[in-house]
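Single-letter residue listing:
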Amino acid sequence: MHSIAVHGGAGTLARADLTPENDRAYRAGLERALRAGHTLLAEGGSAVNAVVTAVRVLEDDPLFNAGRGAVLAANGQHELDASLMDGRDLRAGAVTGVRHVRSPIELARLVMDRSPHVMLAGAGAEEFALEQGLTPVPNAHFATERRRRELDRMLQGQGESGREPLMGTVGAVARDGEGNLAAATSTGGMTGKKWGRVGDSPIIGAGTYAANDCCAVSATGHGEYFIRVAVAHEIASLMRYRGLGVEAAAEEVVMRQLVKLGGSGGVIAIGHDGRIAMPFNSEGMLRGAMDSSGRLETGLLRD
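Just so it is clear, the structure is predicted and the values come from calculations on it, not from any experiment.

Draft legend 1. Quick look at the sheet that holds strand E7 (residues 208-211). Taken in spatial order, the four strands of this open sheet run E7-E8-E9-E10, and their pairing is antiparallel. The sheet is open, and its two borders are formed by E7 and strand E10 (276-277), each paired with just one other strand. The sheet contacts of helix H7 (residues 231-242) involve E7, strand E8 (215-221) and strand E9 (265-271), and relative to E7 the element is tilted by about 30°. This element, helix H8 (residues 246-261), spans E9 and E10 of the sheet and lies at about 160° to E9.

Draft legend 2. Highlighting unusual backbone geometry. Even without glycine at this site, Leu90 takes up a positive phi of about 65°. With respect to the helices, strands and loops of the structure, Leu90 is situated in the loop between strand E2 (80-86) and strand E3 (91-98). At Ala230, a position not held by glycine, the phi torsion is positive, near 50°. What makes Ala230 partly exposed here is its relative accessible area of 30%.

Draft legend 3. Quick look at the packing of aromatic side chains. Applying the stated criterion across every chain, the model contains one aromatic pair. The side chain of Arg302 reaches across the aromatic face of Phe280, ending 4.4 Å from its centre.

Criteria and thresholds
Residues numbered from 1 in each chain as written. Predicted model: local features only at pLDDT ≥ 70, side-chain atom pairs only at ≥ 80, totals over all residues. Heavy atoms only, no water. Pairing = 2+ DSSP bridges. Helix = DSSP H or I, 4+ residues; strand = E, 2+ residues; numbered from the N terminus. Contact = heavy atoms within 4.5 Å. Axes fitted to C-alpha atoms, helices over the stretch in contact; angles between N-to-C directions. Buried < 20%, exposed > 50% of the residue type's maximum accessible area, 1.4 Å probe, protein only. Phe/Tyr/Trp six-rings, centres within 6.5 Å; stacked < 30°, edge-to-face > 60°. Lys NZ or Arg CZ within 6 Å of the ring centre and 35° of its normal.

Don't take any of this as a statement about function, it's just geometry.
This is the structure we're talking about:
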């Protein structure tokens, strides 16, 4: 049985502010990512290829805070992060603080496959991208008028970084037909963040984790809290050492441990048995799941 889940951010997305047009657009974007990844799985493709493909779809969609449409840091620049993990052998790749890479998740894949390292940052990651033949894009490639307005409001004291209506990050987790798991996460971070800030998304064990013996996890929310809890690895540990199922383990971390600290957000997680969990403690989380049984669902708020 193959299956895939995606997310497109979590936060205080109020039902009253969710217009029918926005609802349809978010769900359409999630479904495009799901179908792209699921098609690969249905054709016998690997979980790694499926999550990278799904995340790339979301990176190219300006509705989501990753790639095109990413939020702006306080200095007016886009600084992008991403990570990827292969559950077969615990290989992983991550990049942080990149400004000229169209698809950060593709670069994370190259770090995993073509370097001896796990994480590359800033100028070093950009240089590696050039060495691998990726064509750089201007930082303005990622800009949208919506994100400029959000930064302007925050710099004028009308908002606080980390308290956006919809905190960024996109991600995917998958189980392929051979039972292999993978997870991928990509983000533009927080609106108005201090330049150089790194959240949980590129950190293996915090925002991303995958291991065939337990689960694959991708997180979204206020990254500082997710780092402190080591959310993705904590879910895996509860499954490994306490024997919890993926739903119970994800629920324990998201709804109890994070809440105790004051952290908001959620995760998508898939167990080695193919079961999917998508808990969140915020008002909403853009999410979706699809599997070989015919399941196809998307959600935005608490349905």
